[in-house]
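Notes for the structure review
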Amino acid sequence: MNFLRGVMGGPSAGPQPSGADTIQKLCDRVASSTLLDDRRDAVRALKSLSKKYRLEVGIQAMEHLIHVLQTDRSDSEIIGYALDTLYNVISNDLEEEEQEENSAKQVDDLGSQFTEIFIKQQENVTLLLTLVEEFDFHVRWPGVKLLTSLLKQQGPQVQQIILVSPMGVSRLMDLLADSREVIRNDGVLLLQQLTKSNAAIQKIVAFENAFERLLDIITEEGNSDGGIVVEDCLLLLQNLLKNNNSNQNFFKEGSYIQRMKPWFEVGDDNCGWSAQKVTNLHLMLQLVRVLVSPTNPPGATSSCQKAMFHCGLLQQLCTILMATGVPADILTETINTVSEVIRGCQTNQDYFASVNAPSNPPRPAIVVLLMSMVNERQPFVLRCAVLYCFQCFLYKNQKGQGEIVSTLLPSTIDATGNSVSAGQLLCGGLFSTDSLSNWCAAVALAHALQENATLKEQLLRVQLATSIGNPPVSLLQQCTNILSQGSKVQTRVGLLMLLCTWLSNCSIAVTHFLHNPANVPFLTGQIAENLGEEEQLVQGLCALLLGISIYYNDNSLENYRKEKLKQLIEKRIGRENFIEKLGFISKHELYSRAAQKPQPSFSSPDHMMFDHEFTKLVKELEGVISKAIYKSSEEDKKEEEVKKTLEQHDNIVTHYKKVIREQDQELEELKQRINTLTSQNEQLQATVTQQVSQIQQHKDQYNLLKVQLGKDNQHHNSHGDTLQMNGIQTEEVSKLKEELEEWKNKHELLQGQLREKDSVIEKLSSSQLEMGATEQASQISKFGGLEHSNELQKELEMLRSQIQLQSAEISKLQMENQKLQVMNATADPVLRDSGAAAATSSELEGRLEQEIKELKSEVKALSEEKESLKQQLDSSSSTVAILQDEKSKLQREVAESKKEQDDLLVLLADQDQKISALKIKLKDLGVPVEDEDDTESGDQGDEDEDGDEEEQDENAAVCYHEN
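Analysis parameters
Residues numbered from 1 in each chain as written. Predicted model: local features only at pLDDT ≥ 70, side-chain atom pairs only at ≥ 80, totals over all residues. Heavy atoms only, no water. Helix = DSSP H or I, 4+ residues; strand = E, 2+ residues; numbered from the N terminus. Buried < 20%, exposed > 50% of the residue type's maximum accessible area, 1.4 Å probe, protein only. Contact = heavy atoms within 4.5 Å. Areas by Shrake-Rupley, 256 points an atom, 1.4 Å probe, with all protein chains shown as cover. Phe/Tyr/Trp six-rings, centres within 6.5 Å; stacked < 30°, edge-to-face > 60°. Lys NZ or Arg CZ within 6 Å of the ring centre and 35° of its normal. Patch = residues over 30% accessible without salt bridge, like charges linked within 9 Å, V, L, I, M, F, W, Y side chains within 5 Å. Salt bridge = Lys/Arg side-chain N within 4 Å of Asp/Glu carboxyl O. Polar contact = N/O pair within 3.5 Å; in protein donor to acceptor, adjacent residues only side chain to side chain. Arc of directions from axis to C-beta. Axes fitted to C-alpha atoms, helices over the stretch in contact; angles between N-to-C directions. Parallel < 35°, antiparallel > 145°, perpendicular 65-115°, else oblique. Nonpolar A, V, L, I, M, F, W, Y, C, P; charged D, E, K, R; others polar. Disulfide = S-S within 2.5 Å. Lys, Arg positive; Asp, Glu negative; His and termini not counted. Charge placed at Lys NZ, Arg CZ, Asp CG, Glu CD. pLDDT = per-residue confidence, 0-100.

Looking only at helices and strands, the protein has 45 helices and four strands in total. Buried residues in the protein amount to 43% of all 963 residues. Counting contacts in the protein only where the partners sit at least 6 residues apart, residues at least 24 apart contribute 73% of the total. Carbon and sulfur atoms provide 50% of the accessible area of the protein, an area that totals close to 51,100 Å².

Moving on: the packing of aromatic side chains. Counted by the stated rule, this structure contains 13 aromatic pairs. Judged by centre distance (5.6 Å) and plane angle (90°), the rings of Tyr591 and Phe610 are edge-to-face. Of the two residues, Tyr591 is situated in helix α36 (residues 589-594) and Phe610 in the loop between α36 and α37 (612-630); the sequence distance between them amounts to 19 residues. Like Tyr591, the residue Phe610 is buried in the burial classification. Feature note: the residues Phe207, Phe211, Phe250, Phe251 and Tyr256 constitute an aromatic cluster, connected by ring pairs. The aromatic ring of Tyr87 is capped on one face by Lys145, whose charged end is 5.1 Å from the ring centroid.

Side chains of Ile652, Tyr656 and Ile660 sit close together on the surface and give an oily, nonpolar patch of about 310 Å² of accessible area. Mapped onto the elements of the fold, Tyr656 is located in helix α38 (residues 633-712).

The next subject is the pattern of salt bridges. Applying the stated rule across the entire model yields 26 salt bridges. Here Asp178 makes a salt bridge to Arg140, at a shortest N to O gap of 2.7 Å. Of the two residues, Asp178 is situated in the loop between α11 (168-173) and α12 (181-194) and Arg140 in helix α9 (residues 137-153); the sequence distance between them amounts to 38 residues. Accessibility assignment for this pair places Asp178 and Arg140 in one class, buried.

What follows is about the side chain of Ser33. With respect to the secondary-structure elements, Ser33 resides in the loop between α2 (17-32) and α3 (36-50). Only 2.7 Å separates the side chain of Ser33 from the backbone oxygen of Arg29, close enough to count as a polar contact. Every residue in contact with Ser33, bar those within four places of it in the chain, is listed here: Asp28, Asp38 and Arg39.

Turning our eyes to something else, we now look at helix α16 (residues 245-253). Buried within α16 are the following residues: Asn247, Gln248 and Phe251. Projected down its long axis, α16 shows its buried positions confined to an angular sector of 105°, all on one face. Next to the buried residues of α16 lie α13 (199-207), α14 (210-220), α15 (228-241) and α17 (275-291). Downstream of α16 by a residue or two, Ser255 has a phi angle that is positive, lying close to 60°.

Here we take up the packing of helix α21 (residues 346-354) against helix α23 (residues 380-394). Their axes nearest at 9 Å, the elements α21 and α23 cross at an angle of 125°. Put simply, α21 runs oblique to α23. Residues Gln349, Phe352 and Ala353 of α21 touch α23, and the partners they reach there are Cys389, Cys392 and Phe393. Partitioning the contact of α21 with α23 into residue classes produces five nonpolar, one polar and no charged.

With that settled, the discussion passes to the state of the cysteines. By the definition in use, this model includes zero disulfides. The cysteine Cys389 is free of any disulfide, with Cys392 supplying the nearest cysteine sulfur at 6.9 Å. Residue Cys389 is classed as buried on the basis of its relative accessible area of 1%. The thiol of Cys500 is unpaired, and the distance to the nearest cysteine sulfur, on Cys542, comes to 8.4 Å.

Turning to the side chain of Arg184, a few remarks are in order. With respect to the helices, strands and loops of the structure, Arg184 is situated in helix α12. The buried category is assigned to Arg184, whose relative accessible area is 7%. Filtering out sequence-adjacent residues up to four positions away, Arg184 remains in contact with Leu175, Leu176, Asp178, Ile217, Glu220, Glu221 and Val229.

If you trace the backbone, Gly272 turns up in the loop between α16 and α17. Take Gly272: its relative accessible area is 77%, and that puts it in the exposed class. Once the C-alpha coordinates of Gly272 and Gly325 are considered, the two residues, 53 residues apart in sequence, prove to be 8.8 Å apart.

This paragraph deals with helix α34 (residues 575-582). Inspection of α34 places Phe578, Lys581 and Leu582 among the buried residues, and these make up the whole buried set. Down the axis of α34, the smallest arc covering the buried residues is 105°, so these residues share one side. On its buried side, α34 packs onto α31 (519-528), α32 (533-551), α33 (562-572), α35 (584-587) and α37.

This part takes up unusual backbone geometry. Even without glycine at this site, Met167 takes up a positive phi of about 55°. Tracing the chain through its elements places Met167 in the loop between α10 (155-164) and α11. Met167 gets classed as exposed once you look at its relative accessible area, which sits at 57%. If you check the backbone angles, Asn223 has positive phi at about 55° while not being a glycine. Following the sequence through the fold, Asn223 ends up in the loop between α14 and α15. Residue Asn223 is classed as buried on the basis of its relative accessible area of 17%.

Residues Glu662, Asp664, Glu666, Glu668 and Glu669 make up a contiguous surface patch of negative charge. Tracing the chain through its elements places Glu662 in helix α38. The class for Glu662 is partly exposed, based on a relative accessible area of 39%.

Attention now moves to the confidence of the model for the protein. Interpretation of the predicted coordinates at a detailed level should be avoided for regions scoring low in pLDDT. Taken residue by residue, the protein gives an average pLDDT of 81. The fraction at 70 or more is 77%. Below a pLDDT of 50 lies the segment residues 716-729, which in the model reaches 38 contacts outside its immediate sequence neighbourhood of four places, other chains included. In the model, residues 933-947 has pLDDT below 50 throughout and makes three contacts with residues more than four positions away in sequence or in other chains.

We now examine the environment of Ala82. Relative to the assigned elements, Ala82 resides in helix α5 (residues 76-90). Judged by relative accessible area, Ala82 falls into the buried class, the value being 0%. Sequence separation between Ala82 and His64 is 18 residues, and the spatial gap between their C-alpha atoms is 9.2 Å.

This is how it looks when you write it as structure tokens:
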């Protein structure tokens, strides 16, 4: 505490003594009160005083507040008050009044010192991590804010404590899944501070599924149309990915690049963008650049570039590039982003070359961008972005370089002048009155020649018409003419960089340059003069150009051989002075800035002097030129011999490279042919396999039919239809089996019905026999029932004969079915043997086809026989229907006969009663009446006489009964 008072320079002017006394009393109350309510009220009071009396509360109450956090965790309210109080003490987010009273330095120092006191005991940070896990809003939210403030004040120390804490980072990652947006959004801010400049924590956060959660939040908030939450998520993503190759690789392999495409979907009307949308889209473009930055490992950058092309992200960026109404800063950043997405990637560079602007007529996007670069009315940052885009398009892109240079050659220039080419725009910028356009065009043209000796030679053919009536001059000559006219420093620096790039490693270009007698005196004169600081840079570049003319000189011009040029330098400049002037380049401040990164970034147009690729060339040539100046003629000869040997070796290597390249192309073509032939072979093999299987099926059918026909010769009459079914139509067999079962069921039903009829007839016959009490009744019953029974018997005989025929047909079909199953069982081994034999001989195929044709005719005949069998089955089914009708008729007739018999019995009973009544009356009258016994004995003779008739009647009754 005394340490803090000393730092703050004595007692604070803000707090009054009464305030300090109150704080002391509240602290004593927190420390000594046994009731939780009293402690809670005291902490609440400290919270209300913590903003106004920040120093006093921090000094006197921090220890007590930490003790409350440790002991009163069961009460969320007092914990929340304590956390809020600590946040007010540690945080530097003060009110305006306090900011006016205290200087910024004092504020920062106070928050940092309180943070140092708090984290001195690492258990305090661990305790805070535990409290952040609580779900209660009044505990979790102030805990998150306090931890964020600690990270702002003492970031590295707090990061290390959290890193060594068990599951420390994982606990904080849970904040992103909180359903309460306030906590989730503050959790994003906390993770921003946590991941700053700490690769280990960045990796842990990334592998805790941070990318998925952050991208989900961005999507939920509306992508670029979202609010400040989207901005915070994008800043956190930048922390996780920038300069972290592991996380970049994880981001790419997790297919998260594809999820960035919807961010850049813009409509036709791009007017009236909000400031937040501009900020969000700017950060999104920067995030893309982080993944494809030239400072990343080449392999990682290349894989991200390819992924962006395949998912359509590059196409979406080009759409923004050519859209109308896009804000200038977004357009500039989009150009820079497209530049790095296509840099060094041939596929992306080819696509960018094919992009056209939506104009009438359509123009290539490169031409439209170059028009902006050489237009002095365009913003400076936009022109720098276009130059960077052009440089990235030509980086390691010999095809693109050739296309640009070809637009300058006489054979490809559009004579009609209807369209403007890239070469014409570069020449126009190179010789315009705007020095910035001169510099940009010179650097762009130098990149078209970078590391391409062939194009350097072709560019020597370019002729320019300077004025009407004068002969055309070469591009090289025109550049030296403008250089000697004493233009602005920026223009001369740009032209000198172009000439140095053009002449380096190209002896023919050096010869053309030296062929102009005014060039060497101009260079020596510029180097020898003692000029001001502004001209020192031009002197250094002139020395470099003259040194290149010496180093790459092939001694084809007698007056400008290496030795003579060295002697000229020795006489007019001096070797030491020449080397000193040459060193002006690398010692210049703007040279050091340009050498740091490929993107041209200048604070003002006046600082636009050096190009990044040119700094590499200077670094490469400065040493060898210095050595070449001090070498003797003998050493030069030896060096020339070595150069010739190296050139021969290079020619041989180039020749073999060409041969290898041609062989690689042939190999690729052969591989493609092999792939096509392999695919065709696979298709043909599949077709052959299918045909072989079909042939095998035909062979199996043939062999099966052959076996069946062999048996057909013996049992043709009984098994013809069955063989056909077995050989060809196996489904028909199952149908016939079902029909057999149906016929069996019908047969059983008919037999049951016959049994019922027999029982009815037996009852009728028994009833008729019992009715033979009297002769008259028996006669009536005999004659009445006899006629009807004869008719019934005939119908029954017919029905039985039909049923016997049906049962015979059913048994016949059953026997044929059993024989069919036996034939199927015996046919399998025969099929296998015949298939094996047929597979070994190809000659059987022709015979097989002939026999199949013959068998088809036989199959046709068998199918006709099957149709006849079906007709027979139909007729039998109709017969069954007829029998059923007859059965119903018979049932009705039996019922009628039974009714008639009942009527006859009633009549006989009435007659008996009448006869008995008449006998009684006759007895009463005294008339003698014979009894039934006497009548029977008397009638015995009559019975003997009529024996034949009775015998016939009895036989008929017995027969009817048996039936």
